[in-house]
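Results of the structural survey
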Amino acid sequence: ARDEKIEPKDWMPEKYRKTHIRQMSQHAHSEIVGMLPESNWITRAPSLRRKVALLAKVQDEAGHGLYLYSATETLGISREELYNQLHTGAAKYSSIFNYPTVTWADMGAIGRLVDGAAIINQVPLCNTSYGPYARAMVRVCKEESFHQRQGYEVLISLCRGGNEAQKKMAQEALNRWWWPSLMMFGPSDKESTHSAQNM
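All values reported here derive from a predicted model rather than from experimental measurement.

A closer look at the overall build of the protein chain
In terms of helices and strands, the protein chain carries 8 helices and 0 strands. Reading the secondary structure of the protein chain in the N-to-C direction produces α-α-α-α-α-α-α-α. Relative to its length of 199 residues, the protein chain is compact, with a C-alpha radius of gyration of 18 Å against a globular reference of 16 Å. In terms of overall dimensions, the protein chain has C-alpha extents of about 60 × 35 × 35 Å along its principal axes. Residue burial in the protein chain is summarised as follows: out of 199 residues, 43% are buried. Of the contacts made within the protein chain by residues no fewer than 6 positions apart, 78% connect residues no fewer than 24 positions apart. For the protein chain, the computed accessible surface area is about 11,300 Å², with 57% contributed by carbon and sulfur atoms. Of the charged side chains in the protein chain, 24 are positive and 21 negative; the average position of the first set lies 4 Å away from that of the second.

Observations concerning the side chain of Lys 57
Structurally, the position occupied by Lys 57 is in helix H3 (residues 48–73). Once residues within four sequence positions are removed from consideration, Lys 57 is found in contact with Glu 38, Ile 110, Gly 111, Asp 115, His 147 and Gln 150.

Remarks on the environment of Ile 77
Its place among the elements puts Ile 77 in the loop between H3 and helix H4 (79–88). What makes Ile 77 buried here is its relative accessible area of 8%. Between the C-alpha atom of Ile 77 and that of Ile 21, which follows or precedes it by 56 residues, the distance is 7.9 Å. In this structure, Ile 77 is in contact with Ile 21, Thr 72, Leu 82 and Gln 85, ignoring residues within four places of it in sequence.

Some remarks on the confidence of the model for the protein chain
Within the protein chain, residue pLDDT values average 93, and 95% of them lie at 70 or more. Looking at the elements of the protein chain, mean pLDDT is at its lowest for helix H8 (residues 195–198), recorded as 62, and at its highest for H4, recorded as 97.

Notes on the pattern of salt bridges
Per the stated rule, a full pass over the model turns up 12 salt bridges. With its nearest N and O atoms 2.9 Å apart, the salt bridge here joins Arg 49 to Glu 153. Of this pair, Arg 49 sits in helix H3 while Glu 153 sits in helix H6 (residues 131–161), and the two are 104 residues apart along the sequence. Residue classification places Arg 49 among the exposed positions, given a relative accessible area of 52%. The exposure class assigned to Glu 153 is partly exposed, which follows from its relative accessible area of 28%.

Some points on unusual backbone geometry
Positive phi is not limited to glycine here, since Asp 3 has a value of about 60 degrees. Within the fold, Asp 3 resides in the segment before helix H1 (14–33).

Quick look at the nonpolar core
Ranked by size, the top nonpolar core spans 22 residues in total, and within it Leu 54, Trp 104, Met 107, Val 114, Leu 158, Trp 177 and Met 184 carry the most contacts. For this core, the secondary-structure elements that each account for two or more residues are H3, helix H5 (105–122), H6 and helix H7 (164–183). Top contributing element to this core by residue count: H5, with 7 residues. With sequence-adjacent residues up to four places away left out, Val 114 is seen in contact with Ile 96, Phe 97, Ala 109, Trp 177, Ser 181 and Met 184. Judged by nonpolar contacts, the second largest core, of 21 residues, contains Leu 68, Leu 75, Leu 86 and Cys 141.

A closer look at the environment of Val 102
One can find Val 102 in the loop between H4 and H5. Using a relative accessible area of 49% as the deciding quantity, one classes Val 102 as partly exposed. The residues touching Val 102, leaving out its near neighbours within four places in the chain, are Trp 41 and Arg 176.

The rules behind the values
- Residues numbered from 1 in each chain as written.
- Predicted model: local features only at pLDDT ≥ 70, side-chain atom pairs only at ≥ 80, totals over all residues.
- Heavy atoms only, no water.
- Helix = DSSP H or I, 4+ residues; strand = E, 2+ residues; numbered from the N terminus.
- Rg over C-alpha atoms; globule rule 2.2 N^0.38 Å.
- Buried < 20%, exposed > 50% of the residue type's maximum accessible area, 1.4 Å probe, protein only.
- Contact = heavy atoms within 4.5 Å.
- Areas by Shrake-Rupley, 256 points an atom, 1.4 Å probe, with all protein chains shown as cover.
- Lys, Arg positive; Asp, Glu negative; His and termini not counted.
- Charge placed at Lys NZ, Arg CZ, Asp CG, Glu CD.
- pLDDT = per-residue confidence, 0-100.
- Salt bridge = Lys/Arg side-chain N within 4 Å of Asp/Glu carboxyl O.
- Core = buried A, V, L, I, M, F, W, Y, C linked by side-chain atoms within 4.5 Å.

Printed below as a string of structure tokens:
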């Protein structure tokens, strides 16, 4: 209520610490796993310009995961334990990254819709009460805005400058990704396992 930030050496309730470990590690895991469907397209991007842009995006996502793992470690959990939780399924990541990327247009739809949904979810985290998380999120959100713009440009290029097959490919990608993107906002608060605790 006083707009104070909790820092790693400050006293904090154990439930606060555990809630942040769960949320921040899930976020870090999602950034890392999120690279996989896009990295699959780096070598198949339609031009050198598109390859470079996608490579930069994948590199940014790796950085986001590393910032968030580092911030999570300040809560007294090791990186090894975080990785183990991901690999054993004890920790979650965003399920949207399990969907296949079947055409180049999916790179545009992911950038525009998935990264767009992520921005809406993540901008409020720039003001979260845990200082290391809030500071990491400032940079993450700036870079996600760039990723959303990349996705928009891919889709606009296909729709404005593309042939009928490319326009159809763009529409099919949007059809595939709009619903999973909406699901990134999670269930309603009354059906959510963690909303009350997070508040």
